[in-house]
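# Results of the structural survey
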Amino acid sequence: MLKKEIIENMKHIVDNCMGDSKSACTTACPMNTDVKKYIALIRDNKGEEAIKVIRDELFIPRILGRVCAHPCERYCRRGEEDKAISIAGLKRYIADNYDNPNNWDLSKKNPVGKKIAIIGFGPAGAQGAITLLKEGYEVTIFEKNLFSGGMLRYGIPEYRLPRDIIESEFSLINKLGGKIEFNTEVGKDIQFEALEKDYDAILVSIGKQIGRKDITLDNKDAKGVLTAVEFLKEVSLTRESKEARGNILTVGGGDVAMDCARSALRLKNSKSSYVLFLEESLELLTASKYEVESAIKEGVKFIPSSGIKEIIINDEGRVKEIVIKKCISLFNENGEFSPKFNEEILDKIAVDTLIFAIGQGIDFSISGGQKFQFNKKSLQNDKNKKIFYAGDCASSNIVVQAMAEGRRAAKSIIRFLNCEDVWTGRDITLEGGENKTKLYLPTEYLPESWNLDSKIQRRCGEELDAKERVKTFLEVEKTFTHKVALEEANRCLQCECKLCMKECLMMPEYTSCPKELFKEYLEKGYENMDMNIAYSCNECKQCTIKCPNSFKIRENFMGMRKEYVKSNGDISPLEGHTSLDDGQELECSKKYSVTIPGKKQTKYVLIPGCTVPASFPDLVQKTYEHMMETLGEDNVGIILQCCAKPTEIIGETKLFEERYSRVQKEIDEIEADIIVTLCPSCYLTYEKYSGRKVISYWDLMREEIGLPKDKKNIGIDSDVIFNIHDSCPTRDVTSHHESIRWILSQLGYKVEEMNNIKENTRCCGVGGMLGCINADLYKKIVNRRVSDATQDHIISYCGSCRSSMEIGELDSLHILQLIYGECYYKKHATKRNNNYGLHNRLQAKRKIKGL
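Small disclaimer: the values here were computed from a predicted structure and weren't measured.

Calculation criteria
Residues numbered from 1 in each chain as written. Predicted model: local features only at pLDDT ≥ 70, side-chain atom pairs only at ≥ 80, totals over all residues. Heavy atoms only, no water. Helix = DSSP H or I, 4+ residues; strand = E, 2+ residues; numbered from the N terminus. Buried < 20%, exposed > 50% of the residue type's maximum accessible area, 1.4 Å probe, protein only. Lys, Arg positive; Asp, Glu negative; His and termini not counted. Salt bridge = Lys/Arg side-chain N within 4 Å of Asp/Glu carboxyl O. Polar contact = N/O pair within 3.5 Å; in protein donor to acceptor, adjacent residues only side chain to side chain. Contact = heavy atoms within 4.5 Å. Axes fitted to C-alpha atoms, helices over the stretch in contact; angles between N-to-C directions. Parallel < 35°, antiparallel > 145°, perpendicular 65-115°, else oblique. Left-handed = near helix turned anticlockwise from the far one by under 90°. Nonpolar A, V, L, I, M, F, W, Y, C, P; charged D, E, K, R; others polar. Pairing = 2+ DSSP bridges. Right-handed = clockwise from strand over helix to strand, strands pointing away. Phe/Tyr/Trp six-rings, centres within 6.5 Å; stacked < 30°, edge-to-face > 60°. Lys NZ or Arg CZ within 6 Å of the ring centre and 35° of its normal. Expected span 1.5 Å × (residues − 1).

Here we come to the side chain of arginine 731. Relative to the helices and strands, arginine 731 resides in the loop between β21 (721-725) and α31 (734-747). Buried charged residue arginine 731 carries no salt bridge. Nearest counter-charge: aspartate 732, at 5.5 Å. For arginine 731, the side chain forms a polar contact with the main-chain oxygen of cysteine 540, separated by 2.6 Å. Dropping the residues within four chain positions of it, arginine 731 is found in contact with Cys540, Lys541, Gln542, Ile545, His737, Lys758, Glu759, Asn760 and Thr761.

This is the structure:
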């Protein structure tokens, strides 16, 4: 059974791993549109595929590309660094250029024999209709106006949203077989009770079509005093207004106020357009920055920190003037909206038309004037279970929210008609509710080259000239060109947290992310999983280094190895480890080992490890001689014996303890004070278990004994430029990195740093004893590390690393070869792996004993 801490670590990763988390732009979209995916397709010039991704969720991409409030952009990760991606602009580019009605998905299930009435043909009602029609339901939409679109048509000016686009995209409902009864007002032309009788369910999706005025003011109903709703509707239908003329002032600070002010400029009888608002600056308005800037360009004038004290009318009962008062604060001490004014600071403004854009309301006449009462998740009426709500009349504030509610209500209707619980098993975060992703990447984890100058500036579509466009209702902003769309798409960070998966070559062979993998372990049990997964980890810790949360993944695999071994009689269950075990036993045996203490005391003991003696026995001898020359032969000893680290790595804890105890016994018997190592793994093993001070030979040279005699600048004339491969076990031992570079500098050799060095170094492939059980993966890791090299010649300070780099076709040397060799030239490059073996261990033993 796995230890409790391993289980808890797995749970921690499953609960917090961001590997399967969606990007913030997708989760911020109430319709869960896969923004990242379609932007990636734009970058790849795959417009036809991009529009399919968009249309999987959105039936009005051209409309949304123009008027969506794009909450996705508000949460765009790029926006925290400079400016958010123009997601709406890219959606519009794809929809305008690649959306073809002939390719729309018109597939439907077989009729189910149920009829649904929908009241209101705006985005919520239309989305609800689409969802129901595709599931085989018969749908009839009752719309009191003459055209489709609801407040999209009657509340958004034509210069922002051309009417032919609304007609085109809403035609999908007709194509799917939906019936639309235009000019039919429920409660007037047809009674609500009749719908209850004739239909199996009703979806109410009416918009906010009742405008508001400041009811505290006298003369609020005078001629020329309008609500934004009635003004924008009239302009939408006629491009004119019978009541609006002359100096037109709009009250309000939101996008609707900007729509009114900009529309006012386009009227034949208008002279000027003003916006009066309570906030003290334009930056504090709730209106979008783009709308405010557009209004300024077109000539709208703004009056900040002001409210209306009085409406003055002329003899004909028409507004002629307003008295304004200074707003001194907007909120009370509790943070509640409660404007305060200085009644002594007054001013007058001559106006001919006054438009209130201070909010809109729902017409509750179909419910007898009573507010709709419904479940906020399922959207089902609290009392009459066959009635559902969506859109403005439910809880939506923006178009895409209304669509999400329309779809959610439709799904509730389907469950209701199937006699199922309308909400059990559903997740509000996936159906338009607030949904914040776990995914967050700190700046240092953003993709390479994200901050190039070419990617910082947000692209915008071209616009019609401000002086000319106010003369018409032609669309102001143009669609991105192909060039601009590509530039903007390339700004996308393609947010995802699979940094460990990109770095690790092992995990992608078994999973899509750590969360998925360890969830499977927890559900199935480690004993029912492929053992090769745990044994394919090469212990390099790069996954932890790359992870923004620094998850300890390696530790889980090491813990599993120990349990696999315990369950198999304390021996590794994998056949590939049999020869490793046999070799370990020999390397720890007396035949291949020797201990020579210092002549008087053993202050320093050199323990050269396994691979260097098995490759270069003469270099072991020379290292030992160098230490005796500089530290005194009375004080220096040597132990030629394996520390058994490979046994521990494969999880054979009991065998490791027994084998390690042999070398520990030798250390204790000669009473060594300081252990000097050549092998990085030996360094860590003795540091952990020996109870002695441990120092690498490289640090010893730099800090105490220096280079061997006559070796300084021996490589000054070399024609070789070396890379340095840092060993991953000691990636955190910075002194080793510094000492190796100091040694090469003292020797006079030229060095060029390769990619991924020091604490960020990559494994050579030997880590975790991978080569014994997964040769193909070992080769991949070798080749990946070799690809980091910038030169053909590489230095390592680990015998195994040196061998791997040679397997990767580099001219690979151990640093000892430079320290104790003559000046190294390119002509000396050769293969050195062929001479590796225990015969060299015996030779090293003989050489040491012969001193």
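Okay, the pattern of salt bridges next. A full pass over the atoms with the stated rule returns 63 salt bridges. Aspartate 788 is paired through a salt bridge with arginine 785; the nearest N and O atoms lie 3.0 Å apart. Residue aspartate 788 is classed as buried on the basis of its relative accessible area, which comes to 5%. Here aspartate 811 ties to arginine 832 by a salt bridge, and the two come within 3.0 Å at their closest N and O atoms. Linking aspartate 811 in strand β24 (residues 811-814) with arginine 832 in the loop between α34 (815-819) and α35 (838-849), this pair joins segments that are 21 residues apart in sequence. Per residue, the accessibility class of aspartate 811 equals that of arginine 832, and both read buried. One network of salt bridges, in which partners are shared, links Arg160, Asp259, Arg262, Arg266, Glu291, Lys297, Glu298, Glu463 and Arg469.

So, on to the packing of helix α1 (residues 4-16) against helix α20 (residues 514-524). The N-to-C vectors of α1 and α20 enclose an angle of 135 degrees; their axes lie 8 Å apart at closest approach. Between α1 and α20, the angle is such that the two are oblique. Our pair here, α1 against α20, has a crossing hand that is left-handed. When α1 is examined against α20, the residues Ile7, Met10, Lys11, Ile13 and Val14 are found in contact with a partner set consisting of Pro514, Lys515, Phe518, Lys519, Tyr521 and Leu522. For the contact of α1 with α20, the per-class residue count stands at 8 nonpolar, no polar and 3 charged.

Once that is clear, we can look at the pairing of strand β13 (residues 353-356). Along β13, one buried face is formed by Thr353 and Ile355 and the opposite face, lined by Leu354 and Phe356, is buried too. Relative to β13, strand β6 (residues 225-227) is paired through 3 bridges, and the arrangement is parallel. Residue pairing in the sheet places leucine 226 in a bridge with isoleucine 355 of β13. Two elements, strand β7 (residues 246-251) and β13, share 4 bridges in a ladder whose sense is parallel. Note on β13: the bridge partner recorded for valine 251 is phenylalanine 356.

Another aspect to go through is the pairing of strand β8 (residues 270-276). Counting buried positions along β8 yields 5 of 7 residues, so the element is predominantly enclosed. Bridging between β7 and β8 involves 6 bridges; their strand directions are parallel. For valine 251, the partnering residue across the bridge sits in β8 and is leucine 276. Handedness of the crossover joining β7 and β8 through helix α13 (residues 255-265): right-handed. Crossover handedness for the path β8 to helix α14 (residues 289-298) to strand β9 (residues 301-303): right-handed.

Taken as a whole and judged by the stated rule, the model has 22 aromatic pairs. On the numbers, 6.0 Å between centres and 70 degrees between planes, the contact of phenylalanine 331 with phenylalanine 337 is edge-to-face. Each residue in the set Phe59, Phe121, Phe170 and Phe182 is aromatic and connected to the rest through ring pairs, giving one cluster. Over the ring of phenylalanine 341 we find lysine 325, and its NZ or CZ is 4.4 Å from the ring centre. The aromatic ring of tyrosine 825 is capped on one face by lysine 827, whose charged end is 5.7 Å from the ring centroid.

We now examine the side chain of serine 572. Tracing the chain through its elements places serine 572 in the loop between α23 (554-566) and α24 (578-587). The exposure class of serine 572 is buried, given its relative accessible area of 6%. Polar contacts involving the side chain of serine 572 include one to the side chain of histidine 577, which spans 2.6 Å. When sequence neighbours within four positions are dropped, the list of residues in contact with serine 572 reads Tyr535, Val565, His577, Ile650 and Glu652.

Taking 1.5 Å of rise per residue, the 12 residues of helix α32 (residues 775-786) would be expected to cover 16 Å, and the 16 Å separating its terminal C-alpha atoms lies within 8% of that figure. Leu777, Tyr778, Ile781, Val782, Arg784, Arg785 and Val786 are the residues of α32 that are buried. Each element contacted by the buried residues of α32 is listed here: α19 (499-503), β21 and α33 (799-807).

This part is about the sheet that holds β24. Taken together, the 4 strands give an open sheet; going across it, the order is β22-β21-β23-β24, and neighbouring strands pair in parallel fashion. Among the strands making up the open sheet, the edge pair consists of β22 (750-751) and β24. Relative to β24, strand β23 (residues 793-796) runs parallel, the two sharing 4 bridges. Considered in β24, the bridge of serine 796 is made with histidine 814.

Bringing unusual backbone geometry into the picture now. The phi torsion at histidine 70 lies on the positive side, around 35 degrees, for a residue other than glycine. When you line up the elements, histidine 70 lands in the loop between α5 (61-67) and α6 (71-74). Its identity is not glycine, yet glutamate 671 carries a phi of approximately 55 degrees, on the positive side. Of note, glutamate 671 is situated in the loop between α28 (653-669) and β19 (674-677).

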